[in-house]
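Tertiary structure, described
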Amino acid sequence: MTLRHLEIFRAVCAHESVTQAAEKLNMTQPAVSMAIKELEVFYGVRLFERMNRRLYITEAGRSLLQYADTVLSQFEESVQVLRQGGAHGRCRFGMTVTIGETWLPSILNRLERELPQLDVAASIQNSRETEEMLLRNEIDFALVDNVSSASRSQRVMPLFRETMAVVCAPSHQPERAELTLAELATERLLLRESGSGTRSSVDAVFQAAGLKATPVLESISASALLACAAAGAGITILPQSQTEMPLREGKVRELVVADAVFQRTYFLLCHKNKYLTPGMQKAIEIVRKVIA
């Protein structure tokens, strides 16, 4: 088995067609079919089901695709690192929406100023999707505010902890500025979507008290949640870095929860098996200085 076998297999998976994969790879159809057959013989499993002239990937095929993506990605990366040198080349990193909205401009400006030779690419997703990108080797390191059980294959470096604010419109009822967690659970809540670190942190506080937060609105956008809260649509719970300006401008007011504190911790993640070039290591140092 060779890397070429995995490249052919990945192309067939992408196109769900031997014919289209052959055209993409500039190969004959029999040659592509033979490569797939050789893979199936090598592993002793069936990679595709062939029904009604269509290919359907099997569970074994899906497992192999994950390995193929990782192996091919690391091979391509090794070529780039060795040919271009560690201080040059590229650096790909991912981050949560909150980190992106708050710190990404400063991070990019600092990287451009201190590492102009490094080709930088950034991606903004929620914590779960960012962590999955790291596991697929689509990014070199990740900045998240929630770490799943898959973190056993990762190096986890805590960055800092931030308190979250509970805010609503200035005219929102109740008039009092303090309420209990149980009372908050009955309010119209405007929360981040499931899978985000912010939402996981909020849910954890309610669950620890035996309560459940059922939002009337979920959004990936903190700006949208703040705008809805300012308009009187309900109460949102977001990091202080995102609520500081609206509070200062008087667009929203903060509520005090007497028996609970909403906090979350930010982390920098790297895969344990990931080779970090000197350029990537310098980029990580800069990112940590900007966020810390």
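Above this text you will find the structure in question.
Presented here is a report on the structure given in the accompanying data block.

Where helix 6 (residues 127-135) is concerned, the buried positions are Ser127, Thr130, Glu131, Met133 and Leu134. All buried residues of helix 6 fall inside an arc of 155 degrees around its axis, so they share one side. Against strand 3 (90-95), strand 4 (119-124), strand 5 (141-144), strand 6 (154-168), helix 8 (197-208) and strand 12 (263-271) lie the buried residues of helix 6. N-cap assignment for helix 6: the residue whose side-chain oxygen lies 3.2 Å from the backbone N of Arg128 is Asn126. One or two residues past the end of helix 6 sits Asn137, with phi positive at roughly 60 degrees.

This next bit is on helix 2 (residues 18-25). Within the span of helix 2, buried status applies to Val18, Ala21, Ala22 and Leu25. Down the axis, helix 2 shows its buried residues gathered within 100 degrees of arc, on one side only. Exposed positions of helix 2 whose direction lies more than 90 degrees from the buried face are Glu23 and Lys24. Backbone nitrogen of Thr19 and a side-chain oxygen of the N-cap are separated by 3.3 Å at the start of helix 2; the cap is Ser17. Asn26 sits one or two positions beyond helix 2 and adopts a positive phi of about 60 degrees.

A few words now on the nonpolar core. By size, the foremost hydrophobic cluster in this structure holds 24 residues, and its most contacted members are Phe93, Ile107, Phe141, Leu143 and Ile291. Within the residue set of this core, elements represented by two or more residues are strand 3, helix 5 (97-114), strand 5, strand 12 and helix 11 (278-291). Excluding anything up to four places from it in sequence, Ile291 contacts Ile99, Trp103, Ile107, Leu143, Leu159 and Phe160. In terms of nonpolar packing, the next biggest core, distinct from the first, is built from 20 residues, Phe9, Ala11, Ala22 and Ala68 among them.

Let us now look at the side chain of Ser219. Take Ser219: it is sitting in strand 9 (residues 217-219). By relative accessible area, which is 14% here, Ser219 ends up buried. Side-chain polar atoms of Ser219 contact the backbone nitrogen of Ser221, separated by 2.9 Å. Not counting residues within four places of it along the chain, the set of residues in contact with Ser219 comprises Leu191, Arg192, Glu193, Ala224 and Leu225.

Right, let's get into the pairing of strand 2 (residues 54-57). Note: strand 1 (residues 48-51) against strand 2, four bridges, orientation antiparallel. By the bridge assignment, Arg50 is partnered in strand 2 with Leu55. The hairpin formed by strand 1 and strand 2 contains two residues between the paired strands, and Asn52 there has a positive phi angle of roughly 50 degrees.

Moving on, we get to the packing of aromatic side chains. Throughout the structure, instances matching the rule amount to seven aromatic pairs. For the ring pair Phe93 and Phe141, a centre distance of 5.2 Å and an interplane angle of 10 degrees mean the geometry is stacked. Taken together, the residues Phe93 in strand 3 and Phe141 in strand 5 connect sequence positions 48 residues apart. A ring pair is formed by Trp103 and Tyr266, whose centres lie 5.8 Å apart and whose planes are at 85 degrees; its orientation type is edge-to-face. Note that Trp103 is positioned in helix 5 and Tyr266 in strand 12, a separation of 163 residues in sequence. For the pair Trp103 and Tyr266, a shared accessibility class is recorded, and that class is buried.

Let us now look at the pattern of salt bridges. A pair can form between side chains of opposite charge whenever their charged atoms are brought close. Per the counting criterion, the structure on display carries 16 salt bridges. In this structure, the salt-bridge partner of Arg4 is Glu7, at a minimum N-O distance of 3.1 Å. Here the residue Arg4 and the residue Glu7 both occupy positions in helix 1 (residues 3-15), the gap between them amounting to three residues, near one helical turn. Owing to a relative accessible area of 37%, Arg4 belongs among the partly exposed residues under this scheme. Ionic pairing is found between Glu40 and Arg50, a salt bridge with its closest N-O pair at 3.8 Å. Of this pair, Glu40 sits in helix 3 (residues 29-43) while Arg50 sits in strand 1, and the two are 10 residues apart along the sequence. Accessibility expressed as a relative area gives 9% for Glu40, which makes it buried.

A word on the packing of helix 1 against helix 3. Between helix 1 and helix 3, the least distance of the axes is 9 Å, while the angle of their chain directions is 110 degrees. Relative to helix 3, helix 1 is oriented roughly perpendicular. Across from His5, Ile8, Phe9 and Val12 in helix 1, the residues of helix 3 making contact are Val32, Ala35, Ile36, Glu38 and Leu39.

Our focus in this paragraph is unusual backbone geometry. With a phi close to 60 degrees, Asn26 is a non-glycine residue in the positive phi region. Relative to the elements of secondary structure, Asn26 occurs in the loop between helix 2 and helix 3.

On to the pairing of strand 6. Examined bridge by bridge, strand 6 and strand 12 share nine bridges and lie antiparallel to one another. The residue of strand 12 that forms the bridge with Arg161 is Thr265. Where strand 6 and strand 10 (residues 235-239) come together, four bridges link them in antiparallel fashion. From the neighbouring strand, Met164 faces strand 10, where its bridge partner is Pro239. Bridging between strand 6 and strand 11 (residues 253-257) involves three bridges; their strand directions are antiparallel. Note that in strand 11 the partner of Cys168 across the bridge is Arg253.

Basis of the calculations
- Residues numbered from 1 in each chain as written.
- Predicted model: local features only at pLDDT ≥ 70, side-chain atom pairs only at ≥ 80, totals over all residues.
- Heavy atoms only, no water.
- Buried < 20%, exposed > 50% of the residue type's maximum accessible area, 1.4 Å probe, protein only.
- Helix = DSSP H or I, 4+ residues; strand = E, 2+ residues; numbered from the N terminus.
- Arc of directions from axis to C-beta.
- Contact = heavy atoms within 4.5 Å.
- Polar contact = N/O pair within 3.5 Å; in protein donor to acceptor, adjacent residues only side chain to side chain.
- Core = buried A, V, L, I, M, F, W, Y, C linked by side-chain atoms within 4.5 Å.
- Pairing = 2+ DSSP bridges.
- Phe/Tyr/Trp six-rings, centres within 6.5 Å; stacked < 30°, edge-to-face > 60°.
- Salt bridge = Lys/Arg side-chain N within 4 Å of Asp/Glu carboxyl O.
- Axes fitted to C-alpha atoms, helices over the stretch in contact; angles between N-to-C directions.
- Parallel < 35°, antiparallel > 145°, perpendicular 65-115°, else oblique.

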